[in-house]
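Single-letter residue listing:
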Amino acid sequence: MQIETEKLLTLIAEKAQLAEGMEGLRSILLYMYRFPTLKNKKLAQKTGIAIPALAAVRSELVKAGIIEKRNRLGQEGENWVKENVNLYFNFDPLPKDLTTSLEDLPKKLYFLKFSDNYLEKRPDPNYSFDQAHADIPSVINRTLYLVKKGEIEGRKLIFLGDDDATSILVGLTELADEITVIDVDKAVLDYLADISNLNSINNINFVQHDLREPLPNDLLNKYDIVIMDPPYTNQGLRLFLKRAKQALKTSIKIENRDYTLIGKRCILCFGNKPPKDKQKIQLSILDHGFVIKELIPDFNHYEGASILGQFSDLYYLTLAEVHENESKLSLEARPIYTSELKQGINLPFRPIGHHFVGEMRFKNQKILLENEEIHKIFLTALFSSGIVILDIFKYNFHPYGYTAIAILKSSHAAIHTWPEHGYISIDIFVCDEYAKGLNVMKILKEKFNPEISEFYYIERGRESLIADNEHESKNIKKISLNKDS
């Protein structure tokens, strides 16, 4: 969609008080376009949006002149949706879901019958990157799944790694607005670039990048959907979820006002695990602000991936929680691949706590003498981030210096000043949401505006990255809180 369409749908969703936001509104238009005679009950089943909310949205769409009547698009509405939302299929392209025979595909998807021609020469898997090729039927089914969900038409998609070459089949649909593939392996990118050039896929670009390094600025807050098949390790899953959240478009500015966008999508392929371990996987997903819309077991099958059990599940995720400036976070991660960890496949975990440590230095030391103002800023940062304070202790040193320690419902927070050194230290430990602690640090940096600052983050707990004391120093992650980082 063009930016003006996104703005318009955002404002309509706000007027209708639609909790699902612009993405929910797009979903309504998608199904009204594909199924012109759908009544509210059926539309609610397909979109997952309550009937009263649907009625409110349809009323606002009529007022905006987008649809003809509350219960149908009408010809002008169909034209508007086609031109502005860039939808293509005004019918159900896969009425039998993924069981549709390749012979029965819409003409637009006939090329999938010849997928072998595009995928058969994929580079050999690089096992140091935990690569294992999904077989060609799995790649076809991923593409069909995206078509069925309406997640290609007019969408900006990013693949976090793509040794399977799913991006090629998605590009050949000619339905996407833009496709980006980011991968650490140059051989994979060279192959994808050659195939896309040979087949005149013009809306796809390739970026060689290690996701353990901060995501490039031009990839932040941009995409509608992320597709990823990360390393099947603790660190791999959690890092890729963070990168997915950063890449998804979660904010838009309309007339000098910032609007938060929720509902952007993520397709995650991850190895099947026993029930107790699968719970940990799902806790990691929830911990990063995503909810699971659908889970299809054994969706992907791999060639020679015995360590993965030769198959993986497909998760269809929706981003339900976004915190201010979260996409700006620059986070460096350490080992994520099995060969680096040298401990086999570790299961994803939800850490016991999220620990943030910060240091700020000032040339003007006078601000550090204002203890009451410092105390006010400290409390504001905690309250504004949704953190519950149970008790607080503060102490004014003589002749100067200040300490405050807050007992939180979710752990503790502390701030200490050394005016004689122009120095403030911060210690935030939260056991509920990672983003809350991050937001406290962002607010403190913004309010104090130090000349020099450094911030660090570590996941704490029995199964966390610092369980091995020998490697503790390597697992502390430096974070950047700059607005343009």
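Residues numbered from 1 in each chain as written. Predicted model: local features only at pLDDT ≥ 70, side-chain atom pairs only at ≥ 80, totals over all residues. Heavy atoms only, no water.

Chemist: Can you walk me through the overall build of the protein in this structure?
Modeler: Scanning the protein from N- to C-terminus turns up 14 helices and 17 strands. In the protein, which comprises 485 residues, the share counted as buried stands at 54%. (Helix = DSSP H or I, 4+ residues; strand = E, 2+ residues; numbered from the N terminus. Buried < 20%, exposed > 50% of the residue type's maximum accessible area, 1.4 Å probe, protein only.)

Chemist: Looking at this structure, how should I read the nonpolar core?
Modeler: Soluble globular proteins tend to pack their nonpolar side chains together in the buried interior. Judged by nonpolar contacts, the single largest core of 70 residues is most densely connected at Leu160, Leu169, Val226, Met228 and Phe290. Among the elements that take part in this core, helix 7 (residues 136-148) stands out by supplying seven residues, more than any other. Filtering out sequence-adjacent residues up to four positions away, Leu169 remains in contact with Phe111, Leu112, Ser115, Tyr118, Leu119, Val139, Ile140 and Thr143. Counting residues in each nonpolar core, the second largest holds 32 residues, with Leu30, Tyr33, Trp80 and Tyr259 among its members. (Core = buried A, V, L, I, M, F, W, Y, C linked by side-chain atoms within 4.5 Å. Contact = heavy atoms within 4.5 Å.)

Chemist: What should I look at first to understand helix 3 (residues 40-47) in this one?
Modeler: Structural remark: α-helix, 3.6 residues per turn; residues separated by three or four positions point the same way. Here helix 3 has its buried residues at Leu43, Ala44 and Thr47. The arc enclosing the buried residues of helix 3, seen along the axis, measures out at 105°, which places them on a common side. The outward face of helix 3, more than 90 degrees from its buried face, is lined by the exposed residues Lys41 and Gln45. Positive phi appears at Gly48, one or two residues downstream of helix 3, with a value of about 75°. (Arc of directions from axis to C-beta.)

Chemist: I tried to follow the packing of aromatic side chains on my own but got confused; where do I start?
Modeler: The geometry of an aromatic ring pair is captured by the separation of the ring centres together with the interplanar angle, meaning the angle of the planes. Applying the stated criterion across every chain yields a total of ten aromatic pairs. Ring centres 6.0 Å apart and planes at 75° place the aromatic pair Tyr145 and Phe299 in the edge-to-face group. Within this pair, whereas Tyr145 is found in helix 7, its partner Phe299 is found in strand 8 (residues 290-301), the two being separated by 154 residues in sequence. Grouping residues by exposure puts Tyr145 and Phe299 together as buried. Between the aromatic rings of Phe362 and Phe448, the centroid separation amounts to 6.4 Å while the plane-to-plane angle is 75°, which identifies the pairing as edge-to-face. (Phe/Tyr/Trp six-rings, centres within 6.5 Å; stacked < 30°, edge-to-face > 60°.)

Chemist: I'm lost on the environment of Ala414 in this one. Help?
Modeler: Relative to the assigned elements, Ala414 resides in strand 14 (residues 411-418). On the accessibility criterion, Ala414 (7% relative accessible area) is buried. Remark: the alpha-carbon pair of Ala414 and Ile428, spanning 14 residues in sequence, is separated by 6.4 Å.

Chemist: Explanation requested: the pattern of salt bridges in the structure shown.
Modeler: Opposite charge on two side chains allows them to pair when their charged atoms are near. In this structure the tally under the stated criterion is 27 salt bridges. Between Glu68 and Arg72 there is a salt bridge; the shortest N-O distance is 2.7 Å. Taking the relative accessible area as the measure of exposure, Arg72 reaches 39% and is therefore partly exposed. Each of the salt bridges in this network shares a partner with another, and the network as a whole consists of Glu23, Glu151, Arg155, Asp224, Lys264 and Arg265. (Salt bridge = Lys/Arg side-chain N within 4 Å of Asp/Glu carboxyl O.)

Chemist: Just to check I follow, could you spell out the packing of helix 1 (residues 3-15) against helix 2 (residues 21-34) for this structure?
Modeler: The relative placement of two packed helices comes down to the angle between their axes together with the axis-to-axis distance. Interhelical geometry of helix 1 versus helix 2 gives an angle of 100° and a closest axis separation of 8 Å. With respect to their mutual orientation, helix 1 and helix 2 come out roughly perpendicular. The segment helix 1 lies against helix 2, with Glu6, Leu9, Thr10, Ile12 and Ala13 engaging Gly21, Met22, Leu25 and Leu29. In terms of residue class, the contact of helix 1 with helix 2 is made up of six nonpolar, two polar and one charged. (Axes fitted to C-alpha atoms, helices over the stretch in contact; angles between N-to-C directions. Parallel < 35°, antiparallel > 145°, perpendicular 65-115°, else oblique. Nonpolar A, V, L, I, M, F, W, Y, C, P; charged D, E, K, R; others polar.)

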